[in-house]
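A structural walkthrough
For reference, the chains in residue letters:
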Amino acid sequence: MSSLSYAAPTSVDAAVKLLAGASGLAKVLSGGTDLLVQMRAGRFKPELIVDTKKIPGVIGIREENGAFIIGAGTPGAVVEAHAGLTAAWPGLVEALDLIGSTQVQGRCSLAGNLCNASPAADSVPALYAAAAVAVVVGPNGTREVPVEQIPTGPGRTSLARDEFILEFKLPARPARSSDAYLRFIPRTEMDIAVVGCGISVTLDANGVCTAARCSLGAVAPTVLLVQAMADILVGNKLDADTLAKLDAAAQAAAKPISDKRGTAEYRTKIAGVLARRTAAIAFDRASGKATGKTH
Amino acid sequence: MSKSHVTTTINGEAAEFLCETQQTLLDVLRDVVGLTGAKEGCASGDCGACSVLIDGTLVCSCLVLGVEAEGKAITTIEGIAQGDHLHPIQQKFLEHAALQCGFCTPGLIVATKALLDENPNPTETEARYWLAGNLCRCTGYDKVIRAVMDAAAVMRGETV
Amino acid sequence: MNYISSDLKVVGTRPIRPDGVDKVTGRALFSADTRSAGMIWGKIKRSPHAHARIVSIDTSKAEALPGVRAVVTSADFPEISSEMAFVGEGPMNFRDLSDNIMARGKVLYEGHALAAVAANTQAIADEAIALIDVVYEVLPHVIDVDEAMKADAPVLHADMFTAGVNPKPATPSNIAKVVTFKKGDIDAGFAAAEVIFEDSYTTKPVHQAYIEPHACLATYNPDGQVTIHASSQGHFMIRAYTAKLLGIDMANIRVNPAEIGGGFGGKTLIYLEPVAVALSRKSGKPVKMQMTREDVFRASGPTSGASVTVKLGAKKDGTIVAAQQVLKFQAGAYAGSPIGPGCMCGFAMYDIENIDVLGYDVVSNRPKVAAYRAPGAPISSFAVECAVDDLARMLGMDPLALREKNAAVNGTKTHYGPTHANIGYTQVLEATRAHPHWKAPLAEGHGRGLAVGFWFNIGGESSATVHVNEDGSVVVATGSPDVGGSRASMGMMAAEVLGIDISKVRATIADTASIGYTFVTGGSRVTFATGMAVTQATEKVVEQLKARAAQTWDIPVDAVEWRDGKAYPAGTNAGAFEPLDLAAIALKQARTGGPINSEVSINAQGAGAGFGAHICDVAVDKETGKVEIIRYTAIQDVGKAIHPSYVEGQIQGGAVQGIGWALSEEYIYNDKGLMENPGFLDYRCPVASDLPMIEAVLVEVPNPRHPFGARGVGEVPIIPPMAAISNAIKGATGLRMPDLPMSPPKVRAAMDAAG
């Protein structure tokens, strides 16, 4: 019989050594909400599980001069409870909060969601929009990688087998900045996104967008960072003309497939709808008009 | 195959068990420890019937490895009643007929406990979203939600 | 005796159920919770193909794996000849059932069982399953019902010649059976019609989706005696099927009913038990088996998907003069869809002179369907109730008024034979019209839909015993598994007859060796039929109690009367005795003739038909096509609500299953005939946040054939929701959604197509 070992190292070095030393497949465990399901389904048969949650920094949130550093394995429920982070990055917090049930929130993490590399992952479009940087640790020390360079395809990442993400850095926010994330699902909860959209903006005093990052989920093999959407927003207020162009740009960027969760045609249209709705929330928040949850 | 020795706390009592790495906390509770109150409805985190609290946090025990219980405090449905007195949530589930087959009930009660520990005064909408991960196929949730809201009121001391 | 006009003290109240504390504390033992010393684990090897010939099965590597105790295939089961069985809720052929639990020759759907292993641990069993080598010859498959009926479709069964047509077809096909019901002259009806409406509808297979997967624990002793612990809707059903499929005398099989974690019809047949017994026989160990959720979806019964057409003809005043329906039901891999009830129920709410219904029972490469709450009726009514709604629009009539004008009443002869008697449909429609929901103004952009539903309900064989304990407390036992609180209502009926407090009565469910035969919990029969048996058994106990009092007082038994839990002298002539209460009589029962008990077994007749009407308000997101249920009211004639909370619960739960059927649930197949969504992630049952409160309105028109007036409740509420929602969407958008589920992509596509 195959045997599976478990280790819960208490330092980055120990974890990296374990990962590097494994003869067969080694898997990093943070929340486990994808890993355990996939193991049970027989998607892969690891010989070693390295639980990173006991490594200092993997769980927790800290603020440094307006920037936030989120431990890679911090559960959704902990992130959601952080008032400062929620005020600065409501869209990202909401996106993580949308993953699964309350039960899943007790376990799921940003790193797990990103490294599972599903194009439909809820927190990932928000991370892209936020210009988050992943702090990757490995045998050669630490490197900082923009999050959009981590997933390379469905279920695949750019991380080496002996690397893992220690934490995420979110940049300090200029005034009049905010973000939003919306996904479309058939029910109100518990579904995988049919389409997701993350938008982060900074406005000037007149409500004109001065900076934007836009992303779409579940419309391509990986989450997309869509420069064309950002280009439409920058230099404009969110008027009807801008919204129509944003909708068109989102639809143009979407290259979805048809599957059990939606047809390509439907997903494309919804990408446009969500782009408009997400932008409206992000602009309202950035201009101080709205706060609070969207669902 | 070698098993891991895990020292933990279950429903307030010190506990130890041996388990294989791939055994989930649900497997361990049911097959090793013998607490069968947590149910397996899906083994994929989609039904909530296996809900337990780990250090007060609500999780699906099917999505936690048994070995991860080391040093933690686990609360299962068997630990919700206070001695020989039902917890107000349990009492209100009975009074409101908030169960039919009762298979999802342990998970719902554990999840409700977590809700009311965190938010003693939830709105109906908050209760519905909190419990969205607990599938119930019998009740249509109507009486479940009424029981939750009534239990919350009792626990706040507003009614008896 | 009949208590319908009596002053009831227990029936109609809401006591806490007797099994409640066990269920809120995690102590209740469901199938998978049972254990036995020395128990080993059984697992099933299932087909990865939709349709294939089994060329060979090599189990040698699995058998050689350390820790494996037994491996079985169809060779370990006797060959069963074709024979119809009426053990579960629908007709079932024993040979098909045998093939379904262990494939012989061919696999007919993905997930079809073809071998099984018992091993010391689940992990070893899983490994052994993977070591079984099966060589398949993959055959062309067919999933869709209309495709399966085509002449060039792959044929599943070479010996299937359509029944119900004359002459018998010369070639086999996938059409197992044709069913027809006719009333009046359909051609003359349409000729007389001034307005004709016709449309086509489709529904997808949906699963009962009980949260408890099938599981069992079976022990075969060397003397041939078998013990099974399993949850089901009928432990006598498990005994009957297991006995037949393994060739074991029923007396040698004892089935203990575990608590059942939801059934909804899906646990009226079996999958695991004969396999577990065969593994136990071969291994000499108790064998435990449980399905995974994926197994439940792939290999246990959903209900049929269907393709339905409806044609209605009416006078301009709204009188419907002709109604025609063609229904094509998927049966899954073996004959036996609920096409019969489907054909019966669609038009049963209406008094229409000319009716013509044609139904097809069609096999295809899907799991064999099982009963699901009012089997067939929701599909049929979805089509009819959408068509009636559109007819109302054509006529410029209020949809409720059109239903009122054509409503079946007592004396209406149905197209399938019986004449309606003692029905409460008129009262349901009156309650609907009077309900504030029907009159409430609609918000901008919202739509309101109405639909009605009918289920005939059944009676059948039930057994009950009532035991008076030495202290005067009472135990009621029945053979009906409790799926939704029936122990509470059984105890209440007994307490009412005895005139004692419900806390003095405990109701339980006896195993197959401890009580007389009882048909499955299905067809909304338990409160009616088993309740009748309990009432009669309790009345026999009351007679004994009176006799003991008469003996004590030395007066004739007919000089004793029983009221409020006590024996009284019937009048002054009978003598002046202090009343004797139940406890006093019970205390002396040994000295007055021995234990006071009774057992009643009946075949209950006179189940009153049930009618319901649902009102639903929806909001439709015009950009995403997402439908939100804003308000929902379900009105139903329940006869008499024994325990109103559990009656309301049946209605609320049924309505929500219907909402799932309407909006989000479906089996999704890929082009290889494999199910793409065998889990709760993508098989989308409604979750708590999807729903508003469901208002259940109980209309009580007593059923005179039941001692307390009860009629079946559990099935009617799943019938109206799909049409009520489709009608509400039409109200909100002007668009008819004729295909289930009315998922966001379909609604958005319909809006795009309409411009």
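Keep in mind that what you see is a predicted model, and the values were worked out from it rather than measured. (Residues numbered from 1 in each chain as written. Chains lettered and ligands numbered in written order. Predicted model: local features only at pLDDT ≥ 70, side-chain atom pairs only at ≥ 80, totals over all residues. Heavy atoms only, no water.)

1. Description of the pairing of strand β16 (residues 320-332) of chain C
All names here are of chain C. For clarity, the cut-off: Residue exposure (1.4 Å probe, protein chains only): buried if accessible area is under 20% of the type maximum, exposed if over 50%, otherwise partly exposed. Only DSSP runs of H or I with at least four residues qualify as helices, and only runs of E with at least two residues qualify as strands; both kinds are numbered from the N terminus onward. Strands pair, by our definition, only if DSSP identifies at least two bridges between them. Seen with the strands pointing away from the viewer, any crossover whose path from the first strand over the helix to the second strand runs clockwise is right-handed.
Of all 13 residues that make up β16, ten are buried, and the element is covered over most of its length. Here strand β15 (residues 306-314) runs beside β16; their pairing, made up of nine bridges, is antiparallel. Within the sheet, the bridge partner assigned to Val310 lies in β16 and is Gln325. Looking at chain direction, β16 and strand β17 (residues 354-363) are connected through ten bridges and run parallel. Across the sheet, the residue bridging to Leu327 is Gly359, located in β17. Between the parallel elements β16 and β17, the chain passes through helix α10 (residues 339-345) in a crossover that is right-handed.

2. Quick word on the pattern of salt bridges
Defined as follows: Within this document, salt bridges are pairs made up of a side-chain nitrogen of Lys or Arg and a carboxyl oxygen of Asp or Glu, the two lying within 4 Å of each other.
Counting across every chain of the model gives 75 salt bridges over all chains. A salt bridge links Glu64(A) to Arg62(A), with the shortest nitrogen-to-oxygen separation between them at 3.0 Å. With its nearest N and O atoms 3.0 Å apart, the salt bridge here joins Arg487(C) to Asp19(C). Taken together, the residues span a long stretch of sequence, with Arg487(C) in helix α15 (residues 486-498) and Asp19(C) in the segment before α1 (20-25) at a distance of 468 residues. Residue classification places Asp19(C) among the buried positions, given a relative accessible area of 4%.

3. Observations concerning the nonpolar core
To keep it simple, the criterion reads: Definition used in this section: a nonpolar core is a set of buried Ala, Val, Leu, Ile, Met, Phe, Trp, Tyr and Cys residues joined via side-chain atoms within 4.5 Å. In this analysis, two residues are considered to be in contact whenever any of their non-hydrogen atoms come within 4.5 Å of each other.
Phe93(B), Tyr241(C), Val275(C), Val618(C) and Ile725(C) are the most contacted members of the largest nonpolar core, which has 200 residues in total. Of the residues forming this core, the biggest block, eleven residues, is contributed by helix α11 (residues 377-395) of chain C. Here Ile725(C) is in contact with Cys616(C), Val618(C), Ile629(C), Ile659(C), Ala662(C), Leu663(C) and Met742(C), once residues within four sequence places are set aside. Residues Met39(A), Val79(A), Leu114(A) and Tyr181(A) belong to the second largest nonpolar core, which totals 68 residues.

4. Some points on the sheet that holds strand β18 (residues 446-455) of chain C
Adjacent strands of a sheet form backbone hydrogen bonds with each other and so pair up, either parallel or antiparallel. Residues and elements named next belong to chain C. For clarity, the threshold we go by: To define axes, lines are fitted to C-alpha atoms, for helices over the stretch in contact only, and angles between the resulting N-to-C directions are given on a 0 to 180 degree scale.
Sheet architecture is open: four strands sit in the order β18-β26-β27-β28, paired in mixed fashion. Pairing within the sheet leaves two strands with one partner each, and these edge strands are β18 and β28 (694-699). The mean inter-strand angle of the sheet, taken between neighbouring strand axes irrespective of direction, is 15°.

5. Concerning the domain arrangement of chain B
Buried accessible area, meaning the area lost when the parts come together, often serves as the stated size of an interface. Residue and element names in this part refer to chain B. Selection rule: Where a domain begins and ends is set by an automatic assignment or by a domain database. Note on definitions: buried area is the accessible-area loss of two parts on being combined, 1.4 Å probe, summed for both. Two N or O atoms count as a polar contact when they lie within 3.5 Å, although within protein this holds only if one can serve as hydrogen donor and the other as acceptor, and sequence-adjacent residues are included solely when both atoms are side-chain atoms.
On domain assignment, one finds that chain B holds domain 1 (4-79) and domain 2 (88-155). Computed from C-alpha coordinates alone, the two centres of domain 1 and domain 2 are separated by 21 Å. With both chains or domains summed, domain 1 and domain 2 bury close to 1,000 Å², and 71% of this area falls on carbon and sulfur atoms. Viewed at the interface, domain 2 and domain 1 are joined by zero salt bridges. For the pair domain 1 and domain 2, the number of links is three residue pairs in polar contact (both at pLDDT 80 or more).

6. Description of unusual backbone geometry
Residues and elements named next belong to chain C. With an omega dihedral of -5°, the bond running from Asn166 to Pro167 counts as a cis peptide bond. Note on placement: Pro167 falls in the loop between α5 (145-148) and β9 (175-183). Following Leu740, the chain continues to Pro741 via a peptide bond in cis, the omega torsion being -10°. In this structure, Phe264 takes a positive phi of about 60° despite not being glycine.

7. Notes on the interface of chain C and chain A
On the side of chain A, 19 residues touch chain C, which itself brings 25 residues to the contact. Between chain C and chain A, the buried area comes to about 2,100 Å², and carbon and sulfur atoms account for 52% of it. Counting the surface chain C buries against chain A, the share from its top three residues, Glu623(C), Lys626(C) and Arg684(C), is 24%. On the surface where chain C and chain A come into contact, there are eight salt bridges. With a closest N to O distance of 3.6 Å, Lys260(A) and Asp682(C) form a salt bridge. For the pair chain C and chain A, the number of links is 15 residue pairs in polar contact (both at pLDDT 80 or more).

8. Description of the interface of chain B and chain C
Contact residues are listed per partner, giving 43 residues for chain B and 55 residues for chain C. Taking both sides of the interface into account, the surface hidden between chain B and chain C amounts to around 4,000 Å²; carbon and sulfur atoms contribute 58%. Ranking the residues of chain B by area buried against chain C places Leu94(B), Gln100(B) and Arg137(B) at the top, with a combined share of 21%. Linking chain B to chain C there are five salt bridges. Note that Arg30(B) is salt-bridged to Asp33(C), the shortest N-O span being 2.6 Å. Inspection of the chain B/chain C interface yields 22 residue pairs in polar contact (both at pLDDT 80 or more).

9. A word on the packing of helix α2 (residues 88-95) of chain B against helix α3 (residues 105-118) of chain B
All names here are of chain B. Just so we agree on the cut-off: Any angle from 65 to 115 degrees is called roughly perpendicular, while one under 35 is roughly parallel, one over 145 is roughly antiparallel, and all others are oblique. Two helices cross in a left-handed way if the nearer one is turned anticlockwise from the farther one by less than a right angle. They cross in a right-handed way if the turn is clockwise.
Contact geometry of α2 with α3 gives a least axis separation of 10 Å together with a crossing angle of 130°. Taken as axis vectors, α2 and α3 run oblique relative to one another. Note on packing geometry: the crossing formed by α2 with α3 is right-handed. Mapping the contact onto sequence places Ile89, Gln90 and Phe93 in α2 and Thr105, Leu108, Ile109, Thr112, Lys113 and Leu116 in α3.

10. Remarks on helix α8 (residues 273-283) of chain C
In terms of residue burial, α8(C) counts as a mostly covered element, since nine of its eleven residues are buried. Every buried residue of α8(C) is listed here: Glu273(C), Pro274(C), Val275(C), Ala276(C), Val277(C), Ala278(C), Leu279(C), Ser280(C) and Ser283(C).

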